[in-house]
Amino acid sequence: MGILLDDNNKTLFDYHIGNGSIISIKIAKNRGGGGLPMKFSNLREKEFRNFSKTAPKWRYVGKGLNFFGICGCKMCDAGKKNSEVIYPMKLGINEEFNIINNRDKIKCPICSSFIEPKTIGLYRCEISINGKYINNDRCENFSEIFSSDREDGIEEFKYGEDNYYIWTELIFKINKYY
């Protein structure tokens, strides 16, 4: 597991990698395949969250698929507070997003720093999710369709100590919007 260090203008300190840290290096031949496995929600339990009229800018939701993660940048308002941010992923109907190979596209909406996505939320859409995860040293397949048509909030998948998998493949596809 790890994070993608892909910004040539950043130092290890910018990625919160300090003295004594162990770094594993993977050299990608191309950006198209074979991303590192990632710790992400197991996509088994959802909870509904009502919208708030006082939410900060980094907690705005977009129609469709929304990624949740922590901004670690200490120069933006969200990062200074170590706050969970929401990145609305703009996908067209039947467009796929492979998070394993493209997680570097998920950015803080305030400062555009990379965030490590931990879970998703759905707002007024139907989505197909296909992937593979590691379970007791075995690779398991995952294929589900989820939907949320409510207008007053977002369906968020839980993430925590008992609510994650190590994913080796994870692809999201928007089937329709409501």
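Residues numbered from 1 in each chain as written. Predicted model: local features only at pLDDT ≥ 70, side-chain atom pairs only at ≥ 80, totals over all residues. Heavy atoms only, no water.

## Describing the environment of N101
Within the fold, N101 resides in helix 2 (residues 99-102). Its relative accessible area of 14% is what places N101 among the buried residues. Taking the C-alpha atoms as reference points, N101 and L170, 69 residues apart in sequence, are found 9.0 Å from one another. A polar atom in the side chain of N101 sits 3.0 Å from the backbone nitrogen of G35. (Helix = DSSP H or I, 4+ residues; strand = E, 2+ residues; numbered from the N terminus. Buried < 20%, exposed > 50% of the residue type's maximum accessible area, 1.4 Å probe, protein only. Polar contact = N/O pair within 3.5 Å; in protein donor to acceptor, adjacent residues only side chain to side chain.)

## As for the packing of aromatic side chains
Applying the stated criterion to the full structure yields 11 aromatic pairs. Members of the aromatic cluster, connected to one another through ring pairs, are F40, F67, F97 and F172. Over the ring of Y164 we find K39, and its NZ or CZ is 4.2 Å from the ring centre. The cationic tip of R150 hangs over the ring face of F48; the distance from NZ or CZ to the ring centre is 3.5 Å. (Phe/Tyr/Trp six-rings, centres within 6.5 Å; stacked < 30°, edge-to-face > 60°. Lys NZ or Arg CZ within 6 Å of the ring centre and 35° of its normal.)

## Overview of the nonpolar core
Counting residues in hydrophobic clusters, the biggest one holds 33 residues, and the most contacted among them are F40, L65, F67, I99, I120 and F172. Per-element tally for this core: the top contributor is strand 10 (residues 164-177), with 5 residues. (Core = buried A, V, L, I, M, F, W, Y, C linked by side-chain atoms within 4.5 Å.)

## Examining the confidence of the model for the protein chain
Scored by pLDDT, the protein chain has a mean of 89; 89% of the residues are at 70 or more. The model gives residues 27-33 a pLDDT under 50, and that stretch makes 6 contacts with residues more than four places away or in other chains. (pLDDT = per-residue confidence, 0-100. Contact = heavy atoms within 4.5 Å.)

## A few points about the sheet that holds strand 6 (residues 116-123)
The antiparallel open sheet is built from 5 strands, whose spatial order is 2-9-6-3-4. Either end of the sheet is taken by a strand with one partner, and the two such strands are strand 2 (46-50) and strand 4 (84-89). Across this sheet, the average inter-strand angle for adjacent strands is 35°, counted without regard to direction. (Pairing = 2+ DSSP bridges. Axes fitted to C-alpha atoms, helices over the stretch in contact; angles between N-to-C directions.)

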